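Single-letter residue listing:
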Amino acid sequence: MPAVARARLSLLESLRCSIFATSYNPTSLRTGAKYLRARLRGPSMLNYYPKIVKISHFNKLFPGLDLEDTDEIQRRNDLAALRARGKGAPKKAKTKEQSRRLAKKR
Amino acid sequence: MPKIRVLRDMKARAGVAENEILRRAYLFVARNQSLPAQVRYQAQLQLNTFGRYTRPTTVKNRCTESGRGRGIISEFGLCRFQFRLKALNNELPGVRKASW
């Protein structure tokens with residue numbers, strides 16, 4: 001038998017919580033407060049990779065600029081070369097019947 | 001141009017940053033035992049509707065130089081080989097090859 005009654009002890013605990021500005025939670029219920037308290041991680045996640053500078057960004061920023069985008073020209077030339085050899089990507093399927101993935105399963 | 005896996009990771013990072021506050025709010029409701037079970041269940045269902053690239057666990061730190069996913073030295077954000085190359089080139093301040 002403790003020297004001090006349990007009710008008195010819980011009263012003391014609640015008073016202590018009010019003084020030190022902590023939450024009084026005698027039954028240890030999970031309040032989910034940790035999800036609100038934790039810092040947001042998104043902003044620092046976005047900063048991980050160094051920013052890519054592309055000519056197309058400037059062309060978009062200043063509509064009248066029209067700098068020559070060598071990367072884009074190269075990409076188009078490569079694609080044209082592939083298509084000329086019949087090695088380009090197939091056209092997107094418009095209907096379900098055209099879908100090769102479905103045709104294979106049957 | 002970064003490799004596809006790096007691009008995918010960038011997409012995941014953008015998605016996490018965009019949806020973080022809403023997800024946290026739902027998490028708070030779903031994990032709060034003082035709320036009615038019905039409400040918590042609804043919040044959990046809402047959490048399940050978020051896409052793959054909105055969860056912070058889908059984000060992986062990849063090598064900022066080569067895009068490699070394994071053997072990353074997190075202090076520099078580089079994989080072990082890129083770290084070695086840069087260190088030997090004196091491109092990492094304060095990093096020297098050990099010799100004794």
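These numbers come from a predicted model, not from an experiment.

Quick notes on the overall build of chain B
The helix and strand inventory of chain B stands at three helices and two strands. Counted from the first residue to the last, chain B has its helices and strands arranged as α-α-β-β-α. Here the C-alpha atoms of chain B give a radius of gyration of 20 Å, more than 25% beyond the 13 Å that 2.2 N^0.38 yields for 100 residues. Principal-axis analysis of the C-alpha atoms places the extent of chain B at approximately 65 × 35 × 20 Å. For chain B, the residues scored as buried account for 31% of the 100 residues in total. Put simply, 35% of the contacts in chain B that link residues at least 6 apart link residues at least 24 apart. Split by element, the accessible area of chain B, about 7,000 Å² in all, is 51% carbon and sulfur.

Description of the interface of chain B and chain A
Chain B puts 27 residues into the contact, and the matching count from chain A is 20 residues. The contact between chain B and chain A buries some 2,000 Å² in all, and 67% of this surface belongs to carbon and sulfur atoms. Linking chain B with chain A are zero salt bridges. At 13 residues, the largest contribution of residues to the side of chain B that touches chain A is made by helix H1 (residues 4-31) of chain B. The class makeup of the residues in the side of chain B that touches chain A is 14 nonpolar, six polar and seven charged.

A look at the domain arrangement of chain B
Residue and element names in this part refer to chain B. Once the domains are mapped, chain B shows domain 1 (1-60) and domain 2 (62-100). Inter-centroid distance (C-alpha atoms) of domain 1 to domain 2 is 32 Å. Tallying the contact residues gives five residues for domain 1 and four residues for domain 2. Buried area between domain 1 and domain 2, both sides added, is near 400 Å², and the carbon and sulfur share of it is 56%. If you look at where domain 1 meets domain 2, you find zero salt bridges. Taken together, domain 1 and domain 2 are joined by two residue pairs in polar contact (both at pLDDT 80 or more).

Quick notes on helix H5 (residues 70-84) of chain A
Here H5 of chain A is 15 residues long and its end C-alpha atoms lie 21 Å apart, about the 21 Å a rise of 1.5 Å per residue gives. Backbone geometry just downstream of H5 of chain A places glycine 86 of chain A in the positive-phi region, at approximately 75°.

What to know about the packing of aromatic side chains
Pairs of aromatic rings are described using the distance from one ring centre to the other and the angle between the two planes. Residues and elements named next belong to chain B. Enumeration over the complete set of coordinates arrives at three aromatic pairs over all chains. Ring centres of tyrosine 26 and phenylalanine 50 lie 6.1 Å apart, and the angle between their planes is 65°; on these two criteria the pair is classed as edge-to-face. Residue tyrosine 26 is found in helix H1, and its partner phenylalanine 50 is found in the loop between helix H2 (37-48) and strand S1 (72-73); the two are separated by 24 residues along the sequence. Judged by centre distance (5.1 Å) and plane angle (40°), the ring pair of phenylalanine 76 and phenylalanine 83 falls under tilted. Classification of phenylalanine 76 by relative accessible area gives partly exposed; the value is 28%. We note arginine 23 situated over the ring of phenylalanine 50; from NZ or CZ to the ring centre the distance is 5.9 Å.

Let's talk about a nonpolar patch on the surface
On the surface, a cluster of nonpolar side chains totalling about 600 Å² of accessible area is made up of Val53, Phe58, Leu61, Phe62, Leu65 and Leu67 of chain A. Mapping valine 53 of chain A onto the fold places it in the loop between helix H3 (42-46) and helix H4 (55-61).

Observations regarding the packing of H1 of chain B against H2 of chain B
All names here are of chain B. Look at H1 against H2: their axes get within 7 Å of each other, and the N-to-C directions meet at 145°. At the point where H1 passes H2, the crossing takes the left-handed sense. For the pair formed by H1 and H2, the contact residues are Arg23, Tyr26, Leu27, Val29, Ala30 and Arg31 on the first element and Val39, Arg40, Ala43, Gln44, Gln46 and Leu47 on the second. Tallied by class, the residues present in the contact of H1 with H2 amount to seven nonpolar, two polar and three charged.

Reading the values: rules and limits
Residues numbered from 1 in each chain as written. Chains lettered and ligands numbered in written order. Predicted model: local features only at pLDDT ≥ 70, side-chain atom pairs only at ≥ 80, totals over all residues. Heavy atoms only, no water. Helix = DSSP H or I, 4+ residues; strand = E, 2+ residues; numbered from the N terminus. Rg over C-alpha atoms; globule rule 2.2 N^0.38 Å. Buried < 20%, exposed > 50% of the residue type's maximum accessible area, 1.4 Å probe, protein only. Contact = heavy atoms within 4.5 Å. Areas by Shrake-Rupley, 256 points an atom, 1.4 Å probe, with all protein chains shown as cover. Buried area = accessible area lost by both parts, 1.4 Å probe. Salt bridge = Lys/Arg side-chain N within 4 Å of Asp/Glu carboxyl O. Nonpolar A, V, L, I, M, F, W, Y, C, P; charged D, E, K, R; others polar. Domains from an automatic or database assignment. Polar contact = N/O pair within 3.5 Å; in protein donor to acceptor, adjacent residues only side chain to side chain. Expected span 1.5 Å × (residues − 1). Phe/Tyr/Trp six-rings, centres within 6.5 Å; stacked < 30°, edge-to-face > 60°. Lys NZ or Arg CZ within 6 Å of the ring centre and 35° of its normal. Patch = residues over 30% accessible without salt bridge, like charges linked within 9 Å, V, L, I, M, F, W, Y side chains within 5 Å. Axes fitted to C-alpha atoms, helices over the stretch in contact; angles between N-to-C directions. Left-handed = near helix turned anticlockwise from the far one by under 90°.

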